[in-house]
Amino acid sequence: SLVLLATASVLNVEGDAFALSLNGTSTILSSSLPVPTRTFDAHGQPTYRYSAAGDLTVHVAYSVTDAFVSKQLTVSSARHAHNVTNVTLFAGARLLLDGAAPAESVVARSPAGLRDFALFARWSTTGALITARNPFLTATPHGGGGVTLSYEPMMPVAPAAPFSADRAHIGLHLLTQRKMAPPAQPLDEAEHAAMQRCVRAAIAAPQRASSVKINVGWCENDFQIDISTAAGRAEYKRIIDRAASLGIESILFAPRNSDVSSIGNGTDAWGWEQVLWFGMGERLRMGLWAPGDPLPASLTEMLDYFRLRGVRPVAYVYPILAFLAGTLPGGASPPWVVHGTYSSSDLATKRLGLGPMRSDLASPALQQWLPKTMRRFADQTGAGGFSFDYTYFEQGSPGGRPWRSQYAQWSGWRAILAALQQPKACAGRQCVVDNRQANHAWGPWMWAEGGTYAEPLQSDEQPGSWMFYEADLKTDRLSANRQRETAWSYRVQSFAPAEVVPGFALHQTDRDVSPAQKNVTAGPGCPRGGGTGRCAELSRRRDFDLLGYRYSLLSAVGTGGANLVLNMLPARDEGEFAAFPAEDVAFFRQWLEWADRSRDLVASTRVLPSTSRPAAGSLDGVSLLRQDGSCTGAIFAFSPTATPLNLSLALDASLGCSPPHPSSGVPGLLLLRQIGSSDRSEPAGGWARQLLRAGDALALTVPPTTALALELEPFDGASLVAPLVLGAAAGAAAPAPAPAPAPAPA
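Fair warning: this is a prediction, and the values are worked out from it, not measured in the lab. (Residues numbered from 1 in each chain as written. Predicted model: local features only at pLDDT ≥ 70, side-chain atom pairs only at ≥ 80, totals over all residues. Heavy atoms only, no water.)

A.B. asks: So what about the environment of Asn435? Which residues, and what values?
C.D. replies: Along the chain, Asn435 falls in strand 24 (residues 432-435). Accessibility expressed as a relative area gives 2% for Asn435, which makes it buried. Setting aside residues no more than four positions away along its own chain, Asn435 makes contact with Phe388, Trp413, Leu417, Gly450, Gly451, Tyr453, Ala454, Glu455 and Pro456. (Helix = DSSP H or I, 4+ residues; strand = E, 2+ residues; numbered from the N terminus. Buried < 20%, exposed > 50% of the residue type's maximum accessible area, 1.4 Å probe, protein only. Contact = heavy atoms within 4.5 Å.)

Next comes the structure, spelled out in structure tokens:
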């Protein structure tokens, strides 16, 4: 049994057994195997070795990290290949706290329709978490404290190719007796925090010293720009210049380049292959170019300009295209090339798995080739990362290769992404790994182990691809409301820690061609003709939302400040580029720099306990408070509607606030300052609003369609050198004394 300690209680995990199903027919139970041998690693962590019937060996390794006990199974085969069809990580184990079974157990499920995330067992004041690192779990509580945790990998084990099951975790926590507000699952706040802490411990990427700041070029319709022309290169350089002026470090760089690619050569159903891999994607797929081969002069000029301006280009990649298909001797293809399904119009063909040629993400060969190719590409071009889309799971036909399950595809893609999480994988620096196309459904372990952040809006970014819940004339405010709804879902429903939650600011401009461009004729590399939007090179270039962007930027910084995904910039149109006010450049830089300075606060981001999912007519917000109980840090509040909304917030334990002990001599006063607003008439330097103590109720009104940023800091009146005027702008002079009365007449 396992013994976990929390306060004075002891959790025993009795009957810690496992089970394996092979080839869909035979099942191996650890309880029926001979007594295992035990060894210890250099840190004293034990591993048990079981010899199973035939040629199989199972190693079960235990470790203790971050207040969790972890368990991992590794299966190896000496002679034969097998299909691992089911893994039961805990087979009927009993959880007993001081000898007592839990009063109840609840299962947290994926909101995206996959399977289970975790099981939570509850006693009167204590809870236990059981989970494993994938969203395909079946977690089943049984009477008397029993629990079974399993999943169906449908993956191979063979000689020299062991199968490693996903790591399982057990942890203890003290319950708060406060439930998450609907529509969240009815979990205790401590249960939610425990699962989030477990996911945070799994983050593969090294922690960054500053926030990610990336501009998504397609949100400026950069695919309209053809960098084979001098005019196209000059236009794109304005985007790079604007990003540099605002403090943005990366750009998802996906223009056309008629020197090397054409929409007519594309093999994807969306028609974008010509812009992949900085325009080199078609040639890479066809085996006509590989990293290390010469680049066209037009691309080299752009890459040099990125370096000059200190901005890093990020490559757009579709990982399931049929790389190198038919390029091997005799017209053969690499082992990862399969008949896929996506884009096939014949349903019968789809059922047979005889659609277009695609790459199998579960292929071990692809899991080696693709990350290696990406790293070589980054070394040559200076790419700062990769943005992945079109990531469909090509599972093949029934009865095909055993690793074509949905889980196997998911696991294979995670392995590919994890290979980019090395500290210097992208040209000597850390990669930005941007994921799209259903990434929002793949759960917190994918975001932690295989990416920089989750899919920004849980959909395509075009405003026509998602539904708004408040009417508004400003696109950036609509986009911001959607962004906060997305951040809430990741944070609350899917246990995402702040480090992987995206902050999407500004908007994607409309991809549909504007009326003024309806008659633009086709150009090189765009044979579909005018009016498609992709050939309309001037369409919607001037689309920055000057009156709405501040609300959107504060929304992104407040609810997703670790990963700032910044979109339609005032750059492509020369007039808009030149006219962008200096005060707005300063506002932009101020908040990007605030996110960098406040990394500790960003990591502590929580939904305000008095608010719920962002919705029509409702105020929403987040707290970014230090985790020391001091009640200091920041609060962001948002009113998405056309009427003022009131915020009432208790500065108590629900917010993580603890009053100072009377013997400490600390007065415990807190100064609430307003440090930012989307209202352009508010003073840029902020102003003092209230003096409060831990335990007080913070009350304020948020104006219509407004974002407010507030700061709570300790206040010591003895250090004042001038009177503090509450409600006055920073630096405002005290009111002048009234003039002396005139002397009375003689």
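Okay, back to it.
A.B. asks: So what's going on with the state of the cysteines? Which residues, and what values?
C.D. replies: Per the stated rule, a full pass over the model turns up two disulfides. In this model, Cys426 is linked to Cys431 through a disulfide, with the two sulfur atoms separated by 2.0 Å. Here the S-S torsion is close to 95°, and the disulfide linking Cys426 with Cys431 is therefore right-handed. One exposure class covers both Cys426 and Cys431, and it is buried. For Cys631, the disulfide goes to Cys657, at an S-S distance of 2.0 Å. (Disulfide = S-S within 2.5 Å.)

A.B. asks: Describe in detail the packing of helix 6 (residues 364-381) against helix 7 (residues 406-418), supporting the description with residues and values.
C.D. replies: With their axes 9 Å apart at the nearest point, helix 6 and helix 7 run at an angle of 30° to one another. In this view, helix 6 runs roughly parallel relative to helix 7, as classed from their interaxial angle. With respect to the hand of their crossing, helix 6 and helix 7 are arranged in right-handed fashion. The segment helix 6 lies against helix 7, with Leu366, Gln367, Leu370, Pro371 and Met374 engaging Gly412, Trp413, Ala415 and Ile416. Taken together, the residues of the contact of helix 6 with helix 7 sort by class into seven nonpolar, two polar and no charged. (Axes fitted to C-alpha atoms, helices over the stretch in contact; angles between N-to-C directions. Parallel < 35°, antiparallel > 145°, perpendicular 65-115°, else oblique. Left-handed = near helix turned anticlockwise from the far one by under 90°. Nonpolar A, V, L, I, M, F, W, Y, C, P; charged D, E, K, R; others polar.)

A.B. asks: Tell me about helix 10 (residues 549-560), residues and numbers included.
C.D. replies: Note that an α-helix has 3.6 residues per turn; residues three or four places apart therefore point the same way. Between its first and last C-alpha, helix 10 extends 16 Å over twelve residues, near the 16 Å set by a 1.5 Å rise per residue. Of all twelve residues that make up helix 10, twelve are buried, and the element is covered over most of its length. (Expected span 1.5 Å × (residues − 1).)

A.B. asks: Let's hear about the side chain of Asn221: which residues, and what values?
C.D. replies: Topologically, Asn221 is positioned in the loop between strand 18 (212-216) and helix 2 (230-246). Leaving out residues up to four positions away in the same chain, Asn221 has contacts with Thr509, Asp510, Arg511, Ser539 and Arg572.

A.B. asks: Tell me about the sheet that holds strand 20 (residues 312-317), residues and numbers included.
C.D. replies: Here we have seven strands laid out as an open sheet, ordered 24-23-20-19-18-26-25, and parallel in their pairing. Only two strands of the sheet have a single partner each, and these edge strands are strand 24 and strand 25 (503-505). Taken pair by pair, the neighbouring strands of this sheet meet at an average axis angle of 25°, ignoring direction. Bridging between strand 23 (residues 385-388) and strand 24 involves four bridges; their strand directions are parallel. Residue pairing in the sheet places Ser387 in a bridge with Asp434 of strand 24. (Pairing = 2+ DSSP bridges.)

A.B. asks: Kindly report on the layout of surface pockets, identifying the contributing residues and their values.
C.D. replies: Each pocket or cavity is described by its volume, and for the largest pocket that value is around 770 Å³. Surrounding the largest pocket, 32 residues form its lining, Glu189, His192, Ala193, Gln196 and Arg606 being those nearest its centre. Counting only elements with at least two residues in the lining of the largest pocket, the list comes to helix 1 (189-201), helix 9 (475-493), strand 27 (606-607) and strand 28 (620-625). Ranked by the residues each element gives to the lining of the largest pocket, the list is headed by helix 1, at six residues. Across the lining of the largest pocket, the residue classes break down as 13 nonpolar, eleven polar and eight charged. Estimated volume of the second largest pocket: approximately 570 Å³. Forming the boundary of the second largest pocket are 24 residues, of which Met155, Pro162, Phe163, Ser164 and Gln367 lie nearest the centre. Counting residues per element, the ones that place at least two in the lining of the second largest pocket are strand 15 (155-157), strand 16 (163-164), helix 6 and helix 7. (1 Å grid on protein atoms, 1.4 Å probe; cavity = no way out; pocket = protein on both sides within 12 Å on 5 of 7 lines; lining within 4 Å. Points joined across faces, edges and corners; volume = space filled by probe spheres on them.)

A.B. asks: Report on the pattern of salt bridges, specifying residues and quantitative values.
C.D. replies: Pairs may arise between side chains of opposite charge once their charged atoms sit close together. Summed over the entire model, instances satisfying the criterion amount to 37 salt bridges. Between Arg589 and Glu593 there is a salt bridge whose closest N-O contact spans 3.7 Å. A residue pair is termed a helical-turn pair when its members lie 3 or 4 positions apart in one helix, as Arg589 and Glu593 do in helix 12 (residues 582-597) at four residues. Here Glu593 falls in the partly exposed class, since its relative accessible area comes to 38%. Each of Arg133, Asp166, Arg414 and Glu449 takes part in salt bridges that share partners, so that together they form one network. (Salt bridge = Lys/Arg side-chain N within 4 Å of Asp/Glu carboxyl O.)

A.B. asks: Before we move on, can you summarise the sheet that holds strand 32 (residues 687-693) with the specific residues and values?
C.D. replies: Taken in spatial order, the six strands line up as 27-28-29-34-31-32 in an open sheet, and their pairing is antiparallel. Of all the strands in the sheet, the pair left with one neighbour each is strand 27 and strand 32. Bridge analysis of strand 29 (residues 633-639) against strand 34 (residues 706-714) gives seven bridges, and the strand direction is antiparallel. Its bridge partner being in strand 34, Phe636 is matched across the sheet by Ala709.

A.B. asks: If you had to explain the pairing of strand 28 to someone new, which residues and values would you point to?
C.D. replies: For strand 28, the buried fraction is high: six of the six residues fall into the buried class. In strand 28, alternate side chains face the same way, and those of Asp620, Val622 and Leu624 on one face and Gly621, Ser623 and Leu625 on the other are all buried. Across two bridges, strand 27 lies against strand 28 in antiparallel orientation. The residue of strand 28 that forms the bridge with Arg606 is Ser623.

A.B. asks: So, the packing of aromatic side chains: which residues are in play, and what are the values?
C.D. replies: Tallying each qualifying case throughout the model produces 40 aromatic pairs. Here the aromatic rings of Phe18 and Tyr50 are separated by 5.1 Å at their centres, their planes lie at 85°, and the arrangement is edge-to-face. In this pair, Phe18 is assigned in the loop between strand 2 (9-14) and strand 3 (19-22) and Tyr50 in strand 6 (residues 46-51), connecting sequence segments 32 residues apart. You'll find Phe18 and Tyr50 in the same group, each marked buried. Ring centres 5.0 Å apart and planes at 15° place the aromatic pair Phe393 and Trp442 in the stacked group. You can see Phe393 sitting in the loop between strand 23 and helix 7 and its partner Trp442 sitting in the loop between strand 24 and helix 8 (444-450), a full 49 residues away along the chain. Both residues of the pair, Phe393 and Trp442, count as buried. For Lys71, the ring lying beneath its charged end belongs to Phe90, and the centroid distance is 4.5 Å. Over the ring of Phe587 we find Arg550, and its NZ or CZ is 4.2 Å from the ring centre. (Phe/Tyr/Trp six-rings, centres within 6.5 Å; stacked < 30°, edge-to-face > 60°. Lys NZ or Arg CZ within 6 Å of the ring centre and 35° of its normal.)

A.B. asks: Explain the nonpolar core residue by residue, including any values.
C.D. replies: In this structure, Leu89, Trp277, Phe386, Trp591 and Phe636 are the most contacted members of the largest nonpolar core, which totals 186 residues. When near neighbours in sequence (up to four residues on either side) are disregarded, Leu89 contacts Ala17, Phe18, Lys71, Leu73, Ala132, Leu149, Ser150, Tyr151, Ala165, Asp166 and Ala168. With 21 residues, the next largest nonpolar core counts Leu625, Ala637, Leu645 and Leu655 among its residues. (Core = buried A, V, L, I, M, F, W, Y, C linked by side-chain atoms within 4.5 Å.)

A.B. asks: Please give an account of empty space enclosed by the protein that cites residues and values.
C.D. replies: Applying the stated criterion to the full structure yields two cavities of 30 Å³ or more. Roughly 140 Å³ of internal volume is contained in the largest cavity. As for the largest cavity, its lining consists of 14 residues, and the residues nearest its centre are Pro206, Gln207, Arg208, Thr452 and Glu499. Taken together, the residues of the lining of the largest cavity break down into six nonpolar, five polar and three charged. What the second largest cavity holds in volume is close to 80 Å³. Of all elements in the fold, only helix 9 and strand 28 reach the threshold of two or more residues within the lining of the second largest cavity. If one sorts the elements of the lining of the second largest cavity by residue count, helix 9 sits on top with four residues. Among the residues making up the lining of the second largest cavity, the classes are represented as six nonpolar, three polar and three charged.

A.B. asks: I'd like a rundown of the pairing of strand 17 (residues 168-174), residues and numbers included.
C.D. replies: Of all seven residues in strand 17, six are buried; the element is thus mostly enclosed. With four bridges joining them, strand 8 (residues 68-77) and strand 17 adopt antiparallel strand pairing. Bridged to Val69 within strand 17 is Ile170.

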